Amino acid sequence: MRFPLRRSAALAASPLLLVPLVGGFQLPPSRPATSRLRSSVAEGSPVDAAADQQQQQQQQQQQQPVDDAPSAVATPPGPPPPPDMAAYARGYKTAFSEVSCSLVSPSRGSLPSDLVGTYYRAGPAMFSAGSLPPPKNSLVKPKSPPVPDGEDEGRMVGHPFEGDGAVLAVTFHGDGRVSADGGGSDEDGDVGRVDATGKATARFRYVRTTAFTNERKRGKKLYAGMEGTRLLGAGAGGGIGNDLSLPFYRHHLLPGLNKLRKNTSNTSVLYHANRLLSLWGGGLPYKLDALALSTDGRSQLGGVVEREEGAVGGRAVRDAARDRVAFFGIDEDPAGSALSLYEFDSKFRPVKDPTGRIEKGVVKAKLPSLALVYDFAVTDKYAVFVQPEVKVNGMQYMLSKEPGKTAALAEEGSLVHLVARVGNENAGEVKTFRIPYDGVPDANLQFVNAYEEEDGTVVFDAIRSDGRRNGSKGAAKWPWASTLEDFRSATPKKSLWRYRVHPRKGFVSRDRVVDDQTYFGTVTPDRSGRRHRYVYAAVGALGGDVAPPQGIARIDVDGGTTESWFPEAHEFCGEPVYAPRRRDDEGAEEGSPEDGGYVLSVLFDGASESSSLIVLLADDVASGPIARVPIGAAVPHGLHGCFAPSSAGAAWTFEEIERRAKLADKMEARGSMWNEVKSDFSGLGLRFDDMEEYFGDLM
C-alpha cells in the first residue's frame with residue numbers, strides 16, 4: 001500500500017491527522033467525518049513519532065468500514081520507492097485500437113455529483129507508423145498488416161514526440177441533470193435514456209492528419225525528416241534537444257507543407273466557444289468534433305491564418321478575465337523570425353483593435369535571428385515569450401535544415417519578449433530584456449502562468465530544464481526508457497522557477513520555487529493571466545533527482561509549501577488539469593478559491609497495461625484520489641489537456657455522444673464519402689447532428 005506524502009513547511013506547527021487509503025485511494029466520502037491530511041510530513045519535520053503513533057491508534061479505533069470497502073490501517077509517511085521503469089516504458093506502446101464510445105463507472109471510489117463537463121488530453125500514441133488499418137473500402141491499402149512495436153525498425157519513430165497524435169475525452173455526467181446550456185438536449189425526456197448518474201463516457205481516437213492518413217494507407221513510415229536529429233542522441237541541443245518528455249527540437253526547419261515536416265497534431269488540445277482543436281507546434285491546428293473526436297480537417301482559425309502552409313504554436317492560452325483565447329505562430333528564419341499573435345473572443349471571433357491599426361486582430365512582430373519558441377503566456381497587457389539564443393550553421397541550414405545539425409544553443413542569456421496585445425494603444429510593440437546567464441540557457445521553457453503586479457512588473461512561472469543528464473548512455477531507440485539510467489540519459493533535471501521582468505528597471509530576476517523534478521505545471525483556468533497562488537504539477541518520486549512524472553503535487557508559491565501524492569511504483573500520472581465544481585447557476589462563483597474544485601489526471605498502470613482517469617480534491621491532493629475511472633484502453637503517456645465545464649456547453653448525455661460516435665464510425669467506414677458528405681451539408685447550413693435525420697436508412 002502506498003501512502004500520500006511530501007513536504008510542507010507549515011506542518012510542524014500542527015498535529016498530523018491521517019486518513020486510511022485502500023490501494024492508494026481515499027475511502028468513499030460517506031465515511032463518518034474524520035480530518036483529512038492537508039499537508040504531508042516535511043523532510044526533517046520535528047513531528048513527535050510517539051504522538052504520531054498514538055494518533056494513528058486512536059483513529060483506527062474510531063473508523064468503521066463503509067459499504068464493502070476493505071478496512072486499512074494508515075502507515076507512517078515515507079519516501080516512495082524508486083519508479084518501476086519497465087512499467088513506465090510500457091507507456092510508450094502503440095495504441096492499436098480506439099475507444100469509440102464507452103459508458104464507464106469508477107472502479108474505486110465514487111465520482112462527485114458536481115463534477116460535470118468533459119476532460120480532453122492530447123498526446124502521441126502511434127510509435128510504429130501506419131498501425132491502424134484504413135477503412136475496408138479504401139482505394140489504397142497496406143501491403144502488410146500492423147506489427148508489434150520494435151518488430152519492424154523501419155516503421156518505428158525515432159522519438160516519442162514523432163508519434164501520431166490521439167485525443168482522449170472523458171465526459172462526466174454528475175447527477176444526471178441536463179443543463180439548459182450545458183450541452184444536453186432534454187426534448188425526449190427520460191424515455192430510452194441510460195442512467196448515467198455517477199458515471200462517465202470515454203472516447204479515444206487518433207487525429208486523422210494528412211500524414212496519419214497517408215501512412216495508414218501505406219502501412220509504413222513515410223516521414224523521416226527528423227531522423228537525423230533524433231539519431232544525434234540525448235546530448236543534442238545542450239542536453240535538451242531530444243529531451244524524452246518534450247524535446248527542444250520539435251520539427252524540421254523546412255517551412256510549409258512537405259514530407260520533412262510531419263504535423264502529428266499531438267501536443268495539446270483546446271476547447272473554446274464550442275470548438276475543439278488539437279495543436280502541434282509547426283503546422284495548422286486540426287478541428288475535431290467535440291463529442292465523437294472525429295477529424296474535420298486542418299483549421300486556419302476562420303481564415304485568420306492567411307496561408308495554409310502557415311504554422312501555429314503547439315499551445316494556446318486563455319485570458320480568463322476577458323474570456324479570450326490566444327494562439328501564436330512563428331515563421332522561423334536565421335535572418336529574423338516573424339511572430340503572429342492571434343486572439344479570439346468568447347464566440348471565437350477575432351478580437352477587434354479599437355484603433356483600427358491591427359487587421360483581423362493579428363498582432364505581428366519581428367524577433368531576432370532564428371526563434372525556436374514553443375510556448376508562451378499572457379498577462380493583462382502582454383504576451384510573454386522566451387527566446388533562447390542559438391548559433392546557426394548557415395551551410396546546414398541551406399542544405400538540410402535539420403534542427404539538430406543547424407541550430408545549437410549559445411552559451412548566453414535568453415531573451416524575454418513582452419509583446420503588447422491587441423486592444424492596447426501600442427499593440428505590436430515589443431519590449432525585450434535579457435535573462436542573466438547562470439551557465440544554463442533558458443530554453444524550452446514550459447510556461448505555467450503569468451500576470452502583472454501593480455507596479456508593472458511582469459511575473460511568470462515556468463518549468464526550466466538545466467540540460468544536465470545523469471546517465472552515461474543515450475536512449476535513442478524504442479522503448480526509450482526501460483531503465484532509470486536510460487531515462488536520466490534522455491531527460492534533464494527540471495524544476496519550477498519564478499521569473500520577474502522589471503520593465504522600468506530594465507532587468508530580469510529568476511528564482512527556483514521548488515527543486516523537485518517537475519513536469520506539466522498548470523493553474524486553475526480562471527487564474528490564467530491573473531495572479532495565482534497554487535500550481536498543480538506532475539512530479540518525480542525521487543525528490544530533486546531525475547525521475548519520470550509519477551505523482552501529483554500542489555505547490556503553494558505564496559506559502560512555499562508542497563503537497564504531493566504518489567501512486568504505486570508501477571503507476572504513472574500525467575499532466576494535472578483543474579476542474580471546477582458545477583454550481584447551481586452553472587458557473588463558477590466570483591472569487592471562488594483556486595483549490596475549491598478537483599484535479600484530474602490520466603494514470604497509466606504499467607503492470608496491467610491499462611489507463612484510468614483519477615480525480616483528486618484540489619485542496620487535499622496529499623490524500624490521494626477520491627475516484628478512479630477506467631478508460632478501457634492503454635493510453636500512452638500524453639502531453640497537454642484541458643477541462644470544458646458544463647457552463648461551456650460540454651455536458652452532453654451519453655446518448656448524444658453515442659449517436660455522434662456511431663455516425664462518425666459509419667461515415668469513416670464509407671471512406672472518401674465522408675469528406676463529400678461534410679462538404680455538402682456544410683453548404684446547406686445543416687448541423688452535424690442533423691445527419692441522422694437525412695441518413696436514417698444508413699444508421
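Residues numbered from 1 in each chain as written. Predicted model: local features only at pLDDT ≥ 70, side-chain atom pairs only at ≥ 80, totals over all residues. Heavy atoms only, no water.

> Just to check I follow, could you spell out the packing of aromatic side chains for this structure?
Centre-to-centre distance and the angle between the planes together describe a pair of aromatic rings. Applying the stated criterion across every chain yields a total of 22 aromatic pairs. Their ring planes at 90 degrees and their centres at 5.7 Å tell us that Tyr88 and Phe487 sit as a pair that is edge-to-face. Of this pair, Tyr88 sits in helix 2 (residues 85–89) while Phe487 sits in helix 7 (residues 484–490); the two residues are 399 residues apart in sequence, bridging distant segments of the chain. Between Phe376 and Phe385 the ring centres are 5.3 Å apart and the planes differ by 10 degrees, which places this aromatic pair in the stacked class. (Phe/Tyr/Trp six-rings, centres within 6.5 Å; stacked < 30°, edge-to-face > 60°. Helix = DSSP H or I, 4+ residues; strand = E, 2+ residues; numbered from the N terminus.)

> Can you help me understand the environment of Gly283 in this one?
Locating Gly283 in the fold gives a position in the loop between strand 9 (275–279) and strand 10 (286–288). The buried category is assigned to Gly283, whose relative accessible area is 7%. Counting along the chain gives 16 residues from Gly283 to Ser299, while the straight-line C-alpha distance between them is 9.9 Å. (Buried < 20%, exposed > 50% of the residue type's maximum accessible area, 1.4 Å probe, protein only.)

> Would you mind showing me how to read empty space enclosed by the protein here?
If a probe as big as a water molecule is rolled over the atoms, it shows which places are left empty. Inspection of every chain in the model, using the stated rule, returns 10 cavities of 30 Å³ or more. At the level of elements, strand 5 (116–126), strand 30 (571–573) and strand 32 (598–605) are the ones that each hand at least two residues to the lining of the largest cavity. When the residues that make up the lining of the largest cavity are grouped by side-chain class, the tally is 16 nonpolar, four polar and one charged. Here the second largest cavity is characterised by a volume of approximately 120 Å³. Around the second largest cavity sit 17 residues that line it, and Glu162, Tyr223, Ala224, Met226 and Lys262 are the ones nearest its centre. For the lining of the second largest cavity, the residue count by class is six nonpolar, four polar and seven charged. (1 Å grid on protein atoms, 1.4 Å probe; cavity = no way out; pocket = protein on both sides within 12 Å on 5 of 7 lines; lining within 4 Å. Points joined across faces, edges and corners; volume = space filled by probe spheres on them. Nonpolar A, V, L, I, M, F, W, Y, C, P; charged D, E, K, R; others polar.)

> Honestly, unusual backbone geometry in this entry has me stumped. Any pointers?
Apart from glycine, the bulk of residues carry a negative phi angle, and the bulk of peptide bonds sit in the trans form. The amide bond that connects Trp478 to the next residue, Pro479, takes the cis arrangement and shows omega of 10 degrees. Along the polypeptide, Pro479 turns up in the loop between strand 23 (458–465) and helix 7. Phi is positive for Asp323, close to 55 degrees, though the residue is something other than glycine. Checked against the element boundaries, Asp323 lands in the loop between strand 12 (317–319) and strand 13 (324–331). Note on Asp323: relative accessible area 32%, which makes it partly exposed. Positive phi, normally seen in glycine, also occurs at Glu609, with a value near 50 degrees. Locating Glu609 in the fold gives a position in the loop between strand 32 and strand 33 (610–617). The partly exposed category is assigned to Glu609, whose relative accessible area is 32%.

> Honestly, the pattern of salt bridges in this entry has me stumped. Any pointers?
Pairs can form between side chains of opposite charge once their charged atoms are near each other. This model, assessed by the stated rule, comprises 44 salt bridges. Note that Arg500 is salt-bridged to Glu453, the shortest N-O span being 2.5 Å. Placement of the pair is Arg500 in strand 24 (residues 494–502) and Glu453 in the loop between strand 22 (446–452) and strand 23, with a sequence separation of 47 residues. Among the residues examined, Arg500 registers a relative accessible area of 23% and is labelled partly exposed. We note a salt bridge from Arg531 to Glu453, for which the minimum N-O separation is 4.0 Å. Here the residue Arg531 occupies a position in the loop between strand 26 (518–522) and strand 27 (534–539), and Glu453 occupies one in the loop between strand 22 and strand 23, the gap between them amounting to 78 residues. (Salt bridge = Lys/Arg side-chain N within 4 Å of Asp/Glu carboxyl O.)

> Help me out: how do you make sense of the sheet that holds strand 21 (residues 430–434) in this one?
One key point about sheets: their strands pair by backbone hydrogen bonds, in either a parallel or an antiparallel sense. An order of 16-17-20-21 is seen for the four strands of this open sheet, with the pairing classed as antiparallel. Single-partner strands in this sheet number two, and they are strand 16 (377–378) and strand 21. Where strand 16 and strand 17 (residues 382–387) come together, two bridges link them in antiparallel fashion. In the strand pairing of strand 17, Ala377 is matched with Val384. (Pairing = 2+ DSSP bridges.)

> Which parts of the structure should I look at to understand the confidence of the model for the protein?
In low-pLDDT segments, the atomic positions of the prediction should not be examined closely. Overall, the prediction assigns the protein a mean pLDDT of 85, with 80% of residues at 70 or greater. Predicted confidence is poor over residues 184–188, with pLDDT under 50, and the contacts of this stretch with residues over four places away or in other chains come to 10 contacts. Scored below 50 in pLDDT, residues 585–591 shows eight contacts in the model against residues more than four places distant or in partner chains. (pLDDT = per-residue confidence, 0-100. Contact = heavy atoms within 4.5 Å.)

> Please clarify how a positive patch on the surface should be interpreted in this entry.
A cluster of basic residues, Lys143, Lys217, Arg218, Lys220 and Lys259, forms a positive patch at the surface. Its location among the elements puts Lys143 in the loop between strand 5 and strand 6 (164–173). Owing to a relative accessible area of 88%, Lys143 belongs among the exposed residues under this scheme. (Patch = residues over 30% accessible without salt bridge, like charges linked within 9 Å, V, L, I, M, F, W, Y side chains within 5 Å. Areas by Shrake-Rupley, 256 points an atom, 1.4 Å probe, with all protein chains shown as cover. Lys, Arg positive; Asp, Glu negative; His and termini not counted. Charge placed at Lys NZ, Arg CZ, Asp CG, Glu CD.)

> What exactly am I supposed to notice about helix 8 (residues 654–669) here?
Taking 1.5 Å per residue, 16 residues should reach 22 Å; helix 8 reaches 22 Å between its end C-alpha atoms and fits that length. Within helix 8, the full set of buried residues consists of Phe654, Glu655, Glu656, Ile657, Arg660, Ala661, Leu663, Ala664 and Met667. (Expected span 1.5 Å × (residues − 1).)

> Explain the nonpolar core to me, please; I cannot follow it from the model alone.
Within soluble globular proteins, side chains that are nonpolar generally end up buried alongside one another. In this structure, Tyr119, Phe172, Leu600 and Val615 are the most contacted members of the largest nonpolar core, which totals 33 residues. Where this core is concerned, the elements lending two or more residues are strand 3 (99–104), strand 5, strand 6, strand 7 (200–206), strand 31 (577–579), strand 32, strand 33 and strand 34 (627–630). Once you skip the residues sitting within four places of it in the chain, Val615 turns out to touch Leu111, Leu115, Phe172, Tyr598, Val599, Leu600, Pro625, Ile626 and Ala627. (Core = buried A, V, L, I, M, F, W, Y, C linked by side-chain atoms within 4.5 Å.)

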